[in-house]
Each structure stands twice: as C-alpha cells, then as structure tokens.
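Chain residues, written in single-letter form:
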Amino acid sequence: MELFGVAVSLLALFTGFGVLIGILFGFFGMGGSFLVTPALMVMGYETDVAVASGLAFVFATSVIATLKHRDLGQVDYKLGVLMIAGTTAGIEVGKIGLHWMQDMGIADTVVSIIYVGLLGAIGAFVTYNAVKGNDGGIDHDADGEVDADDIPDIAKTIQSYRIPPMMSLRGGVSVSLWLILGVAFVTGLLSGFLGVGGGFIRMPALFYLIGVPVPIAVGTDLFEIVFSGGIGSFLYAMDGAVNLSIVAPLLAGSALGARLGAAATSIVDEDDIKVYFGVMLLLGSLAVAIREVGSYLEMPVFQTVSLLVILGAATLVAGAVVVSSLRELRSDTGSTTTSTAD
C-alpha cells in the first residue's frame, strides 16, 4: 500500500511538472531538458536515464507545441530547415572543440564559465532592451509584413548585406542565405560546445540577428527541436536508457501546458514575452552558478539549492505567463463588449 502511495505521488509530481514545463516550452521554445534533466538527477536517477528521458520528453513536447504554433501560423519551415542545416554543422564543430578541451583537462571549468556567462548575458540583454522598449516589438502592416522601424538594429545590419541568394521569410523579411547559415552555425557551435539543446540561444538569435517576430522565432525554434530532440531520444532509446514511467506522466501534463504556452504567444505582448524570457535566463544563470560553486566546494546541498532556484523561477515565470494571458483575454473581452454596446 505504501509503495502504491509513492507511485501515485510520483505520478502526480511528474504530471504537474509536465504542465509547468509545457507552458514554458510552448511559450519560449526552450526549457525542457534545461529543467527536467537536473531535476531527475537530484531525485537520484542515473545520468544516462535523466538525459535520455529528458530528451524523449523534449521531443514529444516540441511536437505538441509546434503543431499549436503551426495552427497559429507561427512556424517558418523554410527558415527552420536552413537553421537545422547550419546548426547541425555547428554542433559537430562544437563537439570537436569540447573533446579537445577535455584532452587538455580544462573542459569542465571553461564550459561552466561560458554557460553561466552566456545565460546571464543573454538574459540581461533581452530584459534590458525589453524593459527600455527600444528594441521594439515587431508590428505588422495590413499586408502582414514587418514594419522596418521595429526590426532590431543588429538584424537591420545583417539584412543590409545583400549577398545572393536572398531568402524571403515570413513577414516580408529578406535575408541572405549565407547569413542565415552563419547565424545557425554559430548557435549550433555554442550548443555543441556547451552540451545543451540551444533553445535559449536560437530563439533570441532568430529575433535579434535575423529579425523575425518573436512568436515566429519561438515556433520555428520548436520546429528545429522536433528534429534534434527526435534524433537524440531515438539514439538513447536504442540503448534502453529512456524510462517511460517518467516520460509518460510528464507528457500527460505537457500536452496541456505546451498548447497553453503556445497559445499565449499570440495573446501576450511581445515585450512581456522578452522580459519573462530574460528573467528566466538570469535565474537559470544563478542556478547553474550555485551548482558549480557546490561542485567546487564539494557541498551536495548546493545542488538542491540550485534545483530549487530553477524550479522556483520556472513556477514564477509560468505563473506570470498564465496571469498575463488571462489579463489580455479579459481586456479584449471588455473591449469587445464595449464596442458591441456602442
């Protein structure tokens, strides 16, 4: 009976965790393995099981979220395929660099410093610009094209290099094929070197460097994760490392959460999306830094503190997404009611 109670508790825990991560995954196009893998490791699961189960969960959740973004018209398949090609090449080069540093015995230190610095820097940059409002949410005209005045300055510079062939993207954005592949290669390089999925790198890269709207950046990033997560989870599944008793309840929860998160991107203001994304990365940077300090001092309690920080951040941000969505819906409903009354 006691064993049954533990099983039910774990089922409820994983299902609730799945809803939470699904909201973040559908809303930001990142957050799955970033949360699941360390949580499973702290709970006592073997590293390969934690990584494999996290990848399998990310793959299935990205499929759910991508389908919702597709329904909302927020996936640029052409851009996604190009990014996959460039990212794949970058990951392979990144892995070579990582192995080289491992042979030198400095990989753990270098990767940890870069990871914390990158999370913090991207988080601070996105949050600062969104709060100031000077990077602009991307607005569209009556024809659905992006207003040139609302494209980030870095993206404008990249788009100004008219190196053929030019690729036309959603919203009337036109960028050189070689520049898209270059951005994809650099994000893939970082992903391969840091050993992460790279959603927290690709999503801002698609907006700030290429200039596509935030909702489309999220949807296209998720489209990429379908492929990268699918390949990774398949390879681990062949080795029998995927634990379905973990993945199944996580997916049950995320099936709802991912669709809620994806739907929220069409409701919540773009600047709010960027603020939440930046805060998530800043707190993630803090959590990773705490974990690394704990490893250096050989104090396991820091691992638990790190997990609590990232789970707290995820809960806080997911709650903010839901509240913002409800507020916008209430505002729209009120406006519609007023117009009808008039």
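Residues numbered from 1 in each chain as written. Predicted model: local features only at pLDDT ≥ 70, side-chain atom pairs only at ≥ 80, totals over all residues. Heavy atoms only, no water.

An unreviewed UniProt entry annotates the protein as Probable membrane transporter protein of Halobacterium litoreum. Looking at the protein in UniProt, the text filed under Sequence similarities (unreviewed entry) is "Belongs to the 4-toluene sulfonate uptake permease (TSUP) (TC 2.A.102) family." (UniProt positions renumbered as here; feature names shortened; annotations may be inferred.)

A.B. asks: Sorry, what's going on with the overall build of the protein here?
C.D. replies: If you tally the helices and strands in the protein, you get 12 helices and two strands. Along the chain direction, N to C, the helices and strands of the protein fall in the order α-α-α-α-α-α-β-β-α-α-α-α-α-α. Going through the 342 residues of the protein one by one, you find that 47% of them count as buried. In the protein, once contacts between residues fewer than 6 apart in sequence are set aside, the share between residues at least 24 apart is 76%. (Helix = DSSP H or I, 4+ residues; strand = E, 2+ residues; numbered from the N terminus. Buried < 20%, exposed > 50% of the residue type's maximum accessible area, 1.4 Å probe, protein only. Contact = heavy atoms within 4.5 Å.)

A.B. asks: What is the right way to read helix H9 (residues 214-238) from this model?
C.D. replies: An α-helix turns once per 3.6 residues; consequently, residues spaced three or four apart project the same way. The terminal C-alpha atoms of H9, which comprises 25 residues, lie 36 Å apart, in line with the 36 Å expected from a rise of 1.5 Å per residue. Positive phi shows up at Gly240, right after H9, with a value of about 75°. (Expected span 1.5 Å × (residues − 1).)

A.B. asks: For this particular structure, what's the right way to read the packing of helix H8 (residues 199-210) against H9?
C.D. replies: Any two packed helices are characterised by the angle at which their axes cross and by the distance between the axes. The N-to-C vectors of H8 and H9 enclose an angle of 140°; their axes lie 9 Å apart at closest approach. In terms of orientation, H8 and H9 fall into the oblique class. Here H8 and H9 pass one another in a crossing that is right-handed. Contact residues: Gly199, Arg202, Met203, Leu206 and Phe207 in H8; Val214, Ala217, Val218, Thr220, Asp221, Glu224 and Ile225 in H9. (Axes fitted to C-alpha atoms, helices over the stretch in contact; angles between N-to-C directions. Parallel < 35°, antiparallel > 145°, perpendicular 65-115°, else oblique. Left-handed = near helix turned anticlockwise from the far one by under 90°.)

A.B. asks: In this structure, what is going on with the environment of Asp153? I would like to understand it.
C.D. replies: Checked against the element boundaries, Asp153 lands in helix H6 (residues 153-160). Considered as a pair, Asp153 and Tyr208 are 55 residues apart in the sequence and their alpha carbons are 8.0 Å apart.

A.B. asks: Where do I start with the pattern of salt bridges in this structure?
C.D. replies: Oppositely charged side chains are able to pair whenever their charged atoms sit close together. Counted by the stated rule, this structure contains three salt bridges. Note that Arg70 is salt-bridged to Asp71, the shortest N-O span being 3.2 Å. As a salt-bridge pair, Asp221 and Arg202 come within 2.7 Å of each other at their nearest N and O atoms. With Asp221 in helix H9 and Arg202 in helix H8, this pair connects stretches of sequence that are 19 residues apart. Taking relative accessible area as the criterion, Asp221 reaches 0% and is therefore assigned buried. Bridged by salt links that share partners, the residues Arg202, Asp221 and Glu224 form one connected network. (Salt bridge = Lys/Arg side-chain N within 4 Å of Asp/Glu carboxyl O.)

A.B. asks: Please explain the confidence of the model for the protein as it appears in this structure.
C.D. replies: Where the model shows low pLDDT, its predicted coordinates should not be examined in detail. For the protein, the mean per-residue pLDDT works out to 77, and 83% of the residues sit at or above 70. The weakest mean pLDDT in the protein belongs to helix H2 (residues 32-42) at 67; the strongest belongs to strand S2 (residues 174-176) at 88. Every residue in residues 135-148 scores below 50 in pLDDT, and together they form 39 contacts with partners more than four places removed in sequence or on other chains. (pLDDT = per-residue confidence, 0-100.)

A.B. asks: Could you clarify how one ought to interpret the nonpolar core in this entry?
C.D. replies: Soluble, globular proteins show a tendency: their nonpolar side chains are buried together. Among the nonpolar cores identified, the biggest contains 67 residues, and Leu169, Ile180, Phe200 and Ile210 are the most heavily contacted of them. Residue contributions to this core peak at nine residues, all from helix H1 (residues 2-28). Once residues lying within four places of it in the same chain are set aside, the contact partners of Ile210 are Leu79, Met83, Ala155, Gln159, Leu169, Val173, Val175, Ile180, Val183 and Ala205. Listed in part, the five residues of the second largest apolar core include Leu98, Ala107, Val111 and Phe193. (Core = buried A, V, L, I, M, F, W, Y, C linked by side-chain atoms within 4.5 Å.)

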